[in-house]
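Single-letter residue listing:
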Amino acid sequence: MTTRRQRILITGASSGLGAEMARQFAAAGHDLALCARRIDRLAELRAEILAAYPDRTVVVRNLDVNDHDDVFIVFRALAAELGGLDRVVVNAGLGKGAPVGTGRFDVNKETLTTNLVSALAQCEAAMEIFRAAGDGHLVVVSSMSAMRGLPKSLTAYAASKAGIASIAEGIRAEMIGRTITVTTLYPGYIQSEMNDRVAQATPLMANTVDGVRAMVHAIDREVAEAAVPPWPWRPLSVVMKHAPLRFIRKFA
Ligand SMILES: NC(=O)c1ccc[n+]([C@@H]2O[C@H](COP(=O)([O-])OP(=O)(O)OC[C@H]3O[C@@H](n4cnc5c(N)ncnc54)[C@H](OP(=O)(O)O)[C@@H]3O)[C@@H](O)[C@H]2O)c1
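The rules behind the values
Residues numbered from 1 in each chain as written. Predicted model: local features only at pLDDT ≥ 70, side-chain atom pairs only at ≥ 80, totals over all residues. Helix = DSSP H or I, 4+ residues; strand = E, 2+ residues; numbered from the N terminus. Buried ≥ 20, exposed ≤ 12 C-beta atoms within 10 Å, placed from the backbone. Pairing = 2+ DSSP bridges. Right-handed = clockwise from strand over helix to strand, strands pointing away. Near = placed C-beta within 6 Å. Nonpolar A, V, L, I, M, F, W, Y, C, P; charged D, E, K, R; others polar. Core = buried A, V, L, I, M, F, W, Y, C linked by C-beta atoms within 7 Å. Contact = placed C-beta atoms within 7 Å. Axes fitted to C-alpha atoms, helices over the stretch in contact; angles between N-to-C directions. Parallel < 35°, antiparallel > 145°, perpendicular 65-115°, else oblique. Left-handed = near helix turned anticlockwise from the far one by under 90°. Expected span 1.5 Å × (residues − 1).

> So what's going on with unusual backbone geometry? Residues and values would help.
For the bond running from valine 228 to proline 229, omega is -15°, close enough to zero to count as cis. Inspection of the secondary structure assignment puts proline 229 in the loop between β7 (225-228) and α7 (230-242). The step from tryptophan 231 to proline 232 runs through a cis peptide bond, and the omega angle for that step is 5°. Positive phi values are uncommon outside glycine, yet lysine 152 reaches one of about 55°. By secondary structure assignment, the location of lysine 152 is in the loop between β5 (136-141) and α5 (155-174).

> Could you give me a rundown of the pairing of strand β4 (residues 87-90), with the residues and numbers involved?
Side chains Arg87 and Val89 project from β4 onto one buried face, and the interleaved Val88 and Val90 project onto a second face that is buried too. Here 4 bridges tie β4 to β5, and the two strands are oriented parallel to one another. Pairing of valine 89 across the sheet is with valine 139, part of β5. Each parallel crossover has a hand, and the one from β4 via helix α4 (residues 105-133) to β5 is right-handed.

> Before we move on, could you go through the site of the ligand and cite the residues and values that matter?
In the region of the ligand, 29 residues are neighbours, and Gly12, Gly16, Arg37, Gly93 and Ser192 sit closest. The greatest single-element share of the shell around the ligand, amounting to 3 residues, is contributed by helix α1 (residues 16-27). Per-class residue counts for the shell around the ligand are 12 nonpolar, 13 polar and 4 charged.

> Hey, could you go over the nonpolar core for me, with residue numbers and the actual values?
Core analysis: the biggest nonpolar cluster contains 74 residues, and Ala22, Leu34 and Met215 have the highest contact counts within it. Those residues in contact with alanine 22 that lie beyond four places of it in its chain are Ile10, Ala13, Leu32, Leu34, Leu45 and Ile49.

> Kindly report on the packing of α1 against helix α6 (residues 208-221), identifying the contributing residues and their values.
Describing two packed helices takes the angle between their axes plus the distance from one axis to the other. Close contact between α1 and α6 brings their axes to 9 Å; oriented N to C, the two are set at 65°. Relative to α6, the element α1 is oriented roughly perpendicular. Here the hand of the crossing between α1 and α6 comes out right-handed. Residues Gly16, Leu17, Glu20, Met21, Gln24 and Phe25 of α1 form the contact with α6, whose own contacting residues are Thr208, Val209, Val212, Arg213, Met215 and Val216. For the contact of α1 with α6, the residue count by class is 7 nonpolar, 3 polar and 2 charged.

> So what's going on with the environment of alanine 27? Residues and values would help.
The topology assignment puts alanine 27 in helix α1. Residue class for alanine 27 comes out partly exposed when judged on the 13 C-beta atoms lying within 10 Å of it. Separated by 25 residues in sequence, alanine 27 and alanine 52 have C-alpha atoms that sit 8.4 Å apart.

> Before we move on, could you go through helix α3 (residues 68-82) and cite the residues and values that matter?
Residues spaced three or four apart along an α-helix face the same direction, because each turn holds 3.6 residues. In this model α3 runs 22 Å from its N-terminal to its C-terminal C-alpha over 15 residues, within 8% of the 21 Å that 1.5 Å per residue would give. Contact partners of the buried residues in α3: β1 (7-11), β2 (31-36), β3 (58-62) and α4. Two residues or fewer after α3 comes glycine 83, characterised by a positive phi angle close to 80°.

> Quick rundown of the sheet that holds β3? Include the residues and the values.
Strand order in this open sheet of 7 strands is β3-β2-β1-β4-β5-β6-β7, and the pairing throughout is parallel. Of all the strands in the sheet, the pair left with one neighbour each is β3 and β7. Recorded for the sheet is a direction-independent mean angle of 15° between the axes of neighbouring strands. Pairing of strand β6 (residues 180-187) with β7, which is carried by 4 bridges, proceeds in the parallel orientation. In the sheet register, tyrosine 186 faces β7, and the bridge partner there is alanine 227. Packed onto the sheet, α6 meets β5, β6 and β7 and runs at close to 155° relative to β6.

Spatial relationships are all this shows, so hold off on functional conclusions.
Shown next, in the form of C-alpha coordinates:
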(Lines give C-alpha, C1' and ligand atoms only; values in the text may rest on other atoms or scores of the structure.)
Protein backbone atom coordinates (compact mmCIF):
# COMPACT_ATOMS: atom_id res chain seq x y z
CA MET A 1 0.00 0.00 0.00
CA THR A 2 1.34 3.46 -0.82
CA THR A 3 -0.08 6.60 0.69
CA ARG A 4 0.08 10.26 -0.29
CA ARG A 5 3.27 11.70 1.28
CA GLN A 6 4.45 8.12 1.72
CA ARG A 7 7.93 8.77 3.17
CA ILE A 8 7.96 10.88 6.33
CA LEU A 9 10.97 12.05 8.37
CA ILE A 10 10.24 13.02 11.99
CA THR A 11 12.80 14.61 14.32
CA GLY A 12 12.46 14.24 18.09
CA ALA A 13 10.79 10.87 17.52
CA SER A 14 12.19 9.19 20.67
CA SER A 15 9.36 10.34 22.96
CA GLY A 16 6.15 12.30 23.33
CA LEU A 17 4.51 13.80 20.26
CA GLY A 18 7.18 12.64 17.81
CA ALA A 19 6.96 8.98 18.87
CA GLU A 20 3.17 9.01 18.77
CA MET A 21 3.14 10.71 15.34
CA ALA A 22 5.39 7.88 14.15
CA ARG A 23 2.93 5.27 15.50
CA GLN A 24 -0.10 6.97 13.91
CA PHE A 25 1.58 7.60 10.55
CA ALA A 26 2.78 3.97 10.46
CA ALA A 27 -0.77 2.79 11.18
CA ALA A 28 -1.94 4.89 8.22
CA GLY A 29 0.54 3.19 5.88
CA HIS A 30 3.50 5.58 5.79
CA ASP A 31 7.20 4.68 5.76
CA LEU A 32 9.30 6.50 8.34
CA ALA A 33 12.71 8.01 8.96
CA LEU A 34 13.06 8.74 12.69
CA CYS A 35 15.79 10.68 14.47
CA ALA A 36 16.73 11.79 17.98
CA ARG A 37 19.69 11.44 20.36
CA ARG A 38 18.25 8.47 22.30
CA ILE A 39 18.83 5.85 19.61
CA ASP A 40 17.83 3.03 22.00
CA ARG A 41 14.33 4.53 22.22
CA LEU A 42 14.17 4.80 18.43
CA ALA A 43 15.23 1.16 18.06
CA GLU A 44 12.45 0.11 20.48
CA LEU A 45 9.90 2.22 18.59
CA ARG A 46 11.02 0.75 15.27
CA ALA A 47 10.63 -2.80 16.65
CA GLU A 48 7.16 -1.94 18.04
CA ILE A 49 5.99 -0.49 14.70
CA LEU A 50 7.39 -3.36 12.62
CA ALA A 51 5.78 -5.93 14.93
CA ALA A 52 2.40 -4.29 14.29
CA TYR A 53 2.97 -3.42 10.61
CA PRO A 54 5.62 -5.73 9.09
CA ASP A 55 5.21 -4.19 5.62
CA ARG A 56 6.36 -0.73 6.73
CA THR A 57 9.90 0.57 6.27
CA VAL A 58 11.27 2.34 9.36
CA VAL A 59 14.83 3.69 9.40
CA VAL A 60 16.34 5.35 12.48
CA ARG A 61 19.36 7.61 13.05
CA ASN A 62 21.08 9.20 15.98
CA LEU A 63 20.87 12.98 15.52
CA ASP A 64 21.60 15.89 17.83
CA VAL A 65 19.87 18.72 15.97
CA ASN A 66 22.29 21.18 17.57
CA ASP A 67 25.04 19.61 15.45
CA HIS A 68 23.96 21.57 12.39
CA ASP A 69 26.34 19.95 9.90
CA ASP A 70 24.99 16.58 10.99
CA VAL A 71 21.38 17.70 10.37
CA PHE A 72 22.18 18.03 6.65
CA ILE A 73 24.20 14.79 6.57
CA VAL A 74 21.50 12.76 8.36
CA PHE A 75 18.58 14.18 6.35
CA ARG A 76 20.39 13.41 3.07
CA ALA A 77 21.30 9.90 4.26
CA LEU A 78 17.74 9.15 5.37
CA ALA A 79 16.34 10.50 2.09
CA ALA A 80 18.73 8.22 0.21
CA GLU A 81 17.73 5.24 2.35
CA LEU A 82 14.00 5.74 1.71
CA GLY A 83 14.48 6.75 -1.94
CA GLY A 84 13.32 10.31 -1.18
CA LEU A 85 11.28 12.22 1.41
CA ASP A 86 7.72 13.43 0.89
CA ARG A 87 7.19 15.09 4.28
CA VAL A 88 9.50 16.32 7.05
CA VAL A 89 8.18 17.08 10.55
CA VAL A 90 10.45 19.52 12.41
CA ASN A 91 9.46 18.43 15.90
CA ALA A 92 12.59 18.13 18.11
CA GLY A 93 12.45 20.69 20.88
CA LEU A 94 12.87 21.41 24.55
CA GLY A 95 11.14 23.53 27.13
CA LYS A 96 13.87 24.80 29.45
CA GLY A 97 13.87 28.41 30.55
CA ALA A 98 14.32 30.97 33.32
CA PRO A 99 13.25 34.60 33.83
CA VAL A 100 15.53 36.92 31.83
CA GLY A 101 18.23 38.49 34.02
CA THR A 102 18.32 35.77 36.66
CA GLY A 103 21.68 34.27 35.74
CA ARG A 104 20.43 31.48 33.49
CA PHE A 105 21.38 32.75 30.04
CA ASP A 106 22.68 29.22 29.49
CA VAL A 107 19.24 27.56 29.56
CA ASN A 108 17.51 30.34 27.62
CA LYS A 109 20.24 30.16 24.96
CA GLU A 110 19.92 26.36 24.80
CA THR A 111 16.17 26.69 24.20
CA LEU A 112 16.62 29.32 21.48
CA THR A 113 19.38 27.26 19.86
CA THR A 114 17.43 24.00 19.79
CA ASN A 115 13.96 25.32 19.04
CA LEU A 116 14.89 28.09 16.60
CA VAL A 117 18.39 27.87 15.10
CA SER A 118 18.40 24.07 14.93
CA ALA A 119 14.82 24.07 13.65
CA LEU A 120 15.98 26.44 10.90
CA ALA A 121 18.77 23.96 10.08
CA GLN A 122 16.11 21.23 9.75
CA CYS A 123 13.97 23.47 7.49
CA GLU A 124 17.05 24.22 5.35
CA ALA A 125 17.94 20.53 5.02
CA ALA A 126 14.33 19.55 4.25
CA MET A 127 13.78 22.34 1.74
CA GLU A 128 16.99 21.44 -0.13
CA ILE A 129 15.56 17.95 -0.64
CA PHE A 130 12.09 19.27 -1.58
CA ARG A 131 13.46 21.91 -3.98
CA ALA A 132 15.53 19.24 -5.76
CA ALA A 133 12.49 16.94 -5.99
CA GLY A 134 10.09 19.78 -6.87
CA ASP A 135 7.66 18.50 -4.22
CA GLY A 136 7.28 17.98 -0.48
CA HIS A 137 5.48 18.94 2.71
CA LEU A 138 7.32 20.79 5.47
CA VAL A 139 5.69 20.60 8.92
CA VAL A 140 6.90 22.78 11.78
CA VAL A 141 5.83 22.10 15.38
CA SER A 142 5.54 25.52 17.01
CA SER A 143 3.41 26.04 20.14
CA MET A 144 0.46 27.96 21.50
CA SER A 145 3.20 29.87 23.37
CA ALA A 146 4.06 31.53 20.05
CA MET A 147 0.91 33.67 20.21
CA ARG A 148 2.46 36.24 22.57
CA GLY A 149 5.58 37.14 24.50
CA LEU A 150 5.28 35.14 27.72
CA PRO A 151 6.76 35.88 31.15
CA LYS A 152 9.27 34.18 33.44
CA SER A 153 10.47 30.68 32.48
CA LEU A 154 8.47 30.80 29.22
CA THR A 155 10.05 33.95 27.72
CA ALA A 156 12.78 32.22 25.68
CA TYR A 157 10.54 29.26 24.78
CA ALA A 158 7.73 31.52 23.49
CA ALA A 159 10.24 33.55 21.45
CA SER A 160 11.74 30.39 19.94
CA LYS A 161 8.31 29.12 18.90
CA ALA A 162 7.25 32.51 17.48
CA GLY A 163 10.53 32.60 15.55
CA ILE A 164 10.13 29.20 13.93
CA ALA A 165 6.48 29.96 13.08
CA SER A 166 7.69 33.11 11.32
CA ILE A 167 10.32 31.16 9.39
CA ALA A 168 7.67 28.64 8.31
CA GLU A 169 5.37 31.46 7.17
CA GLY A 170 8.20 33.01 5.16
CA ILE A 171 8.85 29.71 3.37
CA ARG A 172 5.09 29.27 2.82
CA ALA A 173 4.85 32.74 1.27
CA GLU A 174 7.67 31.90 -1.14
CA MET A 175 6.05 28.57 -2.06
CA ILE A 176 2.60 29.94 -2.96
CA GLY A 177 1.55 28.43 -6.28
CA ARG A 178 4.24 25.73 -6.07
CA THR A 179 3.92 22.05 -5.19
CA ILE A 180 5.81 22.41 -1.88
CA THR A 181 3.47 23.05 1.08
CA VAL A 182 4.22 24.26 4.62
CA THR A 183 2.16 23.54 7.74
CA THR A 184 2.68 25.18 11.14
CA LEU A 185 1.15 23.43 14.16
CA TYR A 186 0.45 25.28 17.39
CA PRO A 187 -0.11 22.57 20.02
CA GLY A 188 -1.70 23.42 23.33
CA TYR A 189 -0.97 21.17 26.28
CA ILE A 190 -0.49 17.56 25.14
CA GLN A 191 0.84 14.95 27.57
CA SER A 192 4.56 14.23 26.96
CA GLU A 193 7.86 14.05 28.83
CA MET A 194 8.28 17.80 28.35
CA ASN A 195 5.24 18.70 30.42
CA ASP A 196 5.16 15.79 32.88
CA ARG A 197 5.25 18.27 35.74
CA VAL A 198 2.32 20.40 34.55
CA ALA A 199 0.23 17.32 33.76
CA GLN A 200 -1.61 17.36 37.06
CA ALA A 201 -1.86 21.14 37.21
CA THR A 202 -4.09 21.90 34.22
CA PRO A 203 -7.43 20.48 33.09
CA LEU A 204 -6.52 21.64 29.55
CA MET A 205 -3.99 18.78 29.05
CA ALA A 206 -4.92 16.42 26.18
CA ASN A 207 -3.75 12.83 26.37
CA THR A 208 -0.95 11.98 23.93
CA VAL A 209 -2.97 9.80 21.55
CA ASP A 210 -5.87 12.25 21.16
CA GLY A 211 -3.61 15.31 20.95
CA VAL A 212 -1.42 13.71 18.30
CA ARG A 213 -4.47 12.50 16.38
CA ALA A 214 -5.45 16.17 15.99
CA MET A 215 -1.90 16.97 14.84
CA VAL A 216 -1.89 14.15 12.27
CA HIS A 217 -5.32 15.20 10.99
CA ALA A 218 -4.11 18.78 10.42
CA ILE A 219 -0.87 17.53 8.82
CA ASP A 220 -2.72 15.22 6.42
CA ARG A 221 -4.96 18.10 5.32
CA GLU A 222 -1.79 20.15 4.72
CA VAL A 223 -3.42 23.22 6.24
CA ALA A 224 -1.24 26.33 6.52
CA GLU A 225 -1.71 26.67 10.28
CA ALA A 226 -3.60 24.82 12.99
CA ALA A 227 -4.08 25.14 16.73
CA VAL A 228 -4.21 21.55 18.03
CA PRO A 229 -6.32 20.07 19.45
CA PRO A 230 -8.79 22.59 17.94
CA TRP A 231 -10.86 22.63 21.15
CA PRO A 232 -10.10 24.60 23.28
CA TRP A 233 -6.98 25.92 21.55
CA ARG A 234 -8.44 27.49 18.41
CA PRO A 235 -10.61 29.95 20.37
CA LEU A 236 -7.90 30.33 23.03
CA SER A 237 -5.37 31.30 20.36
CA VAL A 238 -7.59 34.26 19.46
CA VAL A 239 -7.93 35.19 23.13
CA MET A 240 -4.16 34.95 23.61
CA LYS A 241 -3.44 37.19 20.61
CA HIS A 242 -5.70 39.99 21.84
CA ALA A 243 -5.77 39.69 25.64
CA PRO A 244 -4.17 42.44 27.74
CA LEU A 245 -0.70 41.65 29.09
CA ARG A 246 -2.09 41.57 32.64
CA PHE A 247 -3.99 38.44 31.58
CA ILE A 248 -1.11 36.98 29.56
CA ARG A 249 1.27 37.19 32.55
CA LYS A 250 -0.84 34.56 34.34
CA PHE A 251 0.32 31.96 31.79
CA ALA A 252 3.63 31.31 33.58
N1 LIG B 1 3.64 18.53 24.63
C2 LIG B 1 3.13 19.75 24.54
O3 LIG B 1 2.20 20.12 25.26
C4 LIG B 1 3.69 20.70 23.52
C5 LIG B 1 3.03 21.91 23.32
C6 LIG B 1 3.51 22.79 22.36
C7 LIG B 1 4.61 22.45 21.59
N8 LIG B 1 5.26 21.27 21.82
C9 LIG B 1 6.42 20.96 20.99
O10 LIG B 1 6.33 19.63 20.52
C11 LIG B 1 7.63 19.15 20.24
C12 LIG B 1 7.78 17.76 20.85
O13 LIG B 1 7.81 17.89 22.27
P14 LIG B 1 7.16 16.82 23.26
O15 LIG B 1 6.09 17.49 23.99
O16 LIG B 1 6.88 15.56 22.55
O17 LIG B 1 8.36 16.64 24.32
P18 LIG B 1 9.33 15.42 24.62
O19 LIG B 1 8.56 14.19 24.94
O20 LIG B 1 10.29 15.96 25.64
O21 LIG B 1 10.07 15.17 23.24
C22 LIG B 1 11.06 16.05 22.75
C23 LIG B 1 11.78 15.34 21.62
O24 LIG B 1 12.76 16.25 21.08
C25 LIG B 1 14.00 15.59 21.00
N26 LIG B 1 15.11 16.52 21.18
C27 LIG B 1 15.28 17.46 22.14
N28 LIG B 1 16.48 18.06 21.99
C29 LIG B 1 17.07 17.47 20.92
C30 LIG B 1 18.33 17.62 20.27
N31 LIG B 1 19.24 18.51 20.70
N32 LIG B 1 18.59 16.85 19.20
C33 LIG B 1 17.70 15.95 18.76
N34 LIG B 1 16.50 15.74 19.33
C35 LIG B 1 16.20 16.49 20.39
C36 LIG B 1 13.98 14.53 22.11
O37 LIG B 1 14.82 13.43 21.73
P38 LIG B 1 16.20 13.03 22.43
O39 LIG B 1 16.20 13.58 23.82
O40 LIG B 1 16.20 11.54 22.37
O41 LIG B 1 17.24 13.63 21.53
C42 LIG B 1 12.52 14.10 22.07
O43 LIG B 1 12.33 13.06 21.13
C44 LIG B 1 8.62 20.19 20.78
O45 LIG B 1 9.08 21.00 19.72
C46 LIG B 1 7.75 21.00 21.72
O47 LIG B 1 8.22 22.32 21.90
C48 LIG B 1 4.82 20.39 22.76
